[in-house]
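# An overview of the molecular structure
The primary structure of each chain is shown beneath.
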Amino acid sequence: MQSDNLFETVGTRHGQVTLFANDTGAISDSLRLYGEWAQNELSFMLSMVHPGDTVIDVGGYIGTHTLAFARHVGEHGQVVTIEAQARSFDLLSRNIRDNGLANVRAENAIASAVAKEEHIPAIDIETPASYGSASLRDVFVPGARQHESSGASEFRVKSIALDELPVASCALIKIDVEGMEDMVLRGAGELIRRHGPAIYAECNSLEDGLRCFRLLREYGYRVRAHVVLAFNEDNFLHCSQNVFMGAREVALVGTPEASDPLEGYEVRQCELLLDIETADDLALALLNKPQYDHEVLRASAAARSGGTAVLDAAVALRESARQAAEKEERIVRELKEHHAQELDDRERKIAGAEEENSKLLAEVDRLRAEVTRAMESERSAREASAELQRATDQITQSMIWRITAPLRALGKKNTDR
């Protein structure tokens, strides 16, 4: 029984996903950081699929794409997911079960050209590694290596051809099997001719891609290369940290000439959709993938024998462009900081002027109030004086005043003496 410390569970865009705690690959890192994996790629594939459709997911791993396909096609649709590694298949089954996806059929098998039993190396989930990158191609390439029929590091697994799957229809076949994509296609000829599904096959090298390209053309398919950014700015957890830098992924997209599901598709800013008609077309498509340099070309015989001059020049050019971009970013940042300081100074001056203006306005209001009070006092005094004059006039004009006039005159004479 495996320890719970070997697993961890995260919430993602397409449901709850349990992953291997010791997985050091990009899939697990992306699920932890962004709550999704290859969403730009997935969105493109889902544009070719509708509710009620059937999708075959070859290389299901732990179910990141399977969950998305299952939710998209709905309860009336179906997903057949195929995963060879027993440990990965167990986790795939667990994630399907935990998300209540009754429309998924999971196969613990190798999708290949023929049906038989194979012995393949097992992943060790107690040892940190990139489990999703494990390739089985050398198992099927004659003379690549000799396989032991037993041992703790190997196990038996059946190999099936997609033609054997009992599906009534198929809208999309997604293939991500680390270099075995052409073998999957060789075992799917009848299914492809019968149902005309879109094909989305990972393409990591020119050699692998050309094998798939030729098969797709044999099936009468139009072939394009889908070049897409690994980082999704609008990721589920709204994380702005881009651990993928400028990395892109490339896949071959095969569609029936007669009924192309990509007809009218509007290419997004995060992707390129390039027509592939020759090996040169595919080479150009792969050169749009920055990591193609160190992942494939520098490991080639031509590179080992001195053919790296153009690669070194490209690296130098990218480094120069990076430095120029950093310099431009620094200048812009400094200008912003300078303008921000100037703006702060202006705002402080404006705030000071506004404060002084407020004081002046308050003083004006005070003086205006004093003037108003003085004018009010003056008006009141004038009214009192006028009232006194009226009273005086009334007295002097009265009969009593006239009768008492001699008495007032006599009093005045006595006062004068």
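Residues numbered from 1 in each chain as written. Predicted model: local features only at pLDDT ≥ 70, side-chain atom pairs only at ≥ 80, totals over all residues. Heavy atoms only, no water.

## Digging into the overall build of the protein
A count of helical and extended segments in the protein gives 14 helices and 12 strands. Projected onto its principal axes, the C-alpha positions of the protein cover 160 × 55 × 50 Å. A total of 417 residues make up the protein; the buried ones form 38% of that total. Put simply, the protein shows about 23600 Å² of open surface, and 53% of that area lies on carbon and sulfur atoms. Each charge class in the protein can be summarised by its mean position, and for the 47 positive and 68 negative side chains these summaries are 11 Å apart. (Helix = DSSP H or I, 4+ residues; strand = E, 2+ residues; numbered from the N terminus. Buried < 20%, exposed > 50% of the residue type's maximum accessible area, 1.4 Å probe, protein only. Areas by Shrake-Rupley, 256 points an atom, 1.4 Å probe, with all protein chains shown as cover. Lys, Arg positive; Asp, Glu negative; His and termini not counted. Charge placed at Lys NZ, Arg CZ, Asp CG, Glu CD.)

## Remarks on the nonpolar core
Grouped together as the largest cluster of nonpolar side chains are 46 residues, with contacts concentrated most on Ile56, Val58, Ile82, Leu162 and Ile173. Among the elements that take part in this core, helix 8 (residues 206–218) stands out by supplying five residues, more than any other. Ignoring anything within four residues of it in the chain, the contact list for isoleucine 82 reads Ile56, Asp57, Val58, Gly59, Gly60, Glu107, Ala109, Ala111, Ile160, Leu162 and Leu165. (Core = buried A, V, L, I, M, F, W, Y, C linked by side-chain atoms within 4.5 Å. Contact = heavy atoms within 4.5 Å.)

## Remarks on the UniProt feature "coiled-coil region" (unreviewed entry) in the protein
Within the UniProt annotation, "coiled-coil region" (unreviewed entry) is assigned to residues 317–394. Measuring from the first to the last C-alpha atom of residues 317–394 gives 112 Å, for a span that is 100% helix and 0% strand. (UniProt positions renumbered as here; feature names shortened; annotations may be inferred.)

## Topic: the packing of helix 8 against helix 9 (residues 279–287)
Geometry of a packed helix pair, given as the angle between the helix axes and the separation of the axes. Put simply, helix 8 and helix 9 touch, their axes get as near as 10 Å, and they point 135 degrees apart. Relative to helix 9, the element helix 8 lies oblique. As helix 8 packs across helix 9, the resulting crossing turns out to be right-handed. Touching Leu206, Gly209 and Leu210 of helix 8 are Ala279, Leu282, Ala283 and Leu286, all from helix 9. A class-by-class count of the residues in the contact of helix 8 with helix 9 yields six nonpolar, one polar and no charged. (Axes fitted to C-alpha atoms, helices over the stretch in contact; angles between N-to-C directions. Parallel < 35°, antiparallel > 145°, perpendicular 65-115°, else oblique. Left-handed = near helix turned anticlockwise from the far one by under 90°. Nonpolar A, V, L, I, M, F, W, Y, C, P; charged D, E, K, R; others polar.)

## Topic: the packing of helix 2 (residues 39–46) against helix 3 (residues 64–73)
Running from N to C, helix 2 and helix 3 cross one another at 35 degrees; their axes reach a closest spacing of 11 Å. As helix 2 packs across helix 3, the resulting crossing turns out to be right-handed. Across the interface between the two elements, Glu41, Leu42, Met45 and Leu46 of helix 2 pack against Thr64, His65, Ala68, Phe69 and His72 of helix 3. Of the residues assigned to the contact of helix 2 with helix 3, the class counts are five nonpolar, three polar and one charged.

## Quick notes on the sheet that holds strand 10 (residues 221–229)
As summarised here, the arrangement of the 10 strands in space is 6-7-5-4-3-8-9-11-10-12, forming an open sheet in which the pairing is mixed. Of all strands in the sheet, those bounded by a partner on one side alone are strand 6 (116–121) and strand 12 (271–275). Looking at each pair of strands side by side, their axes are set apart by 25 degrees on average, direction ignored. Note that strand 4 (residues 78–83) and strand 5 (residues 104–111) share five bridges and pair parallel. Note on strand 5: the bridge partner recorded for threonine 81 is alanine 106. The strands that helix 3 touches are strand 3 (54–58), strand 4, strand 5 and strand 8 (172–175); relative to strand 4, the one it contacts most, it runs at about 170 degrees. Along the sheet, helix 4 (residues 86–98) makes contact with strand 4, strand 5 and strand 7 (154–160), crossing strand 5 at roughly 170 degrees. (Pairing = 2+ DSSP bridges.)

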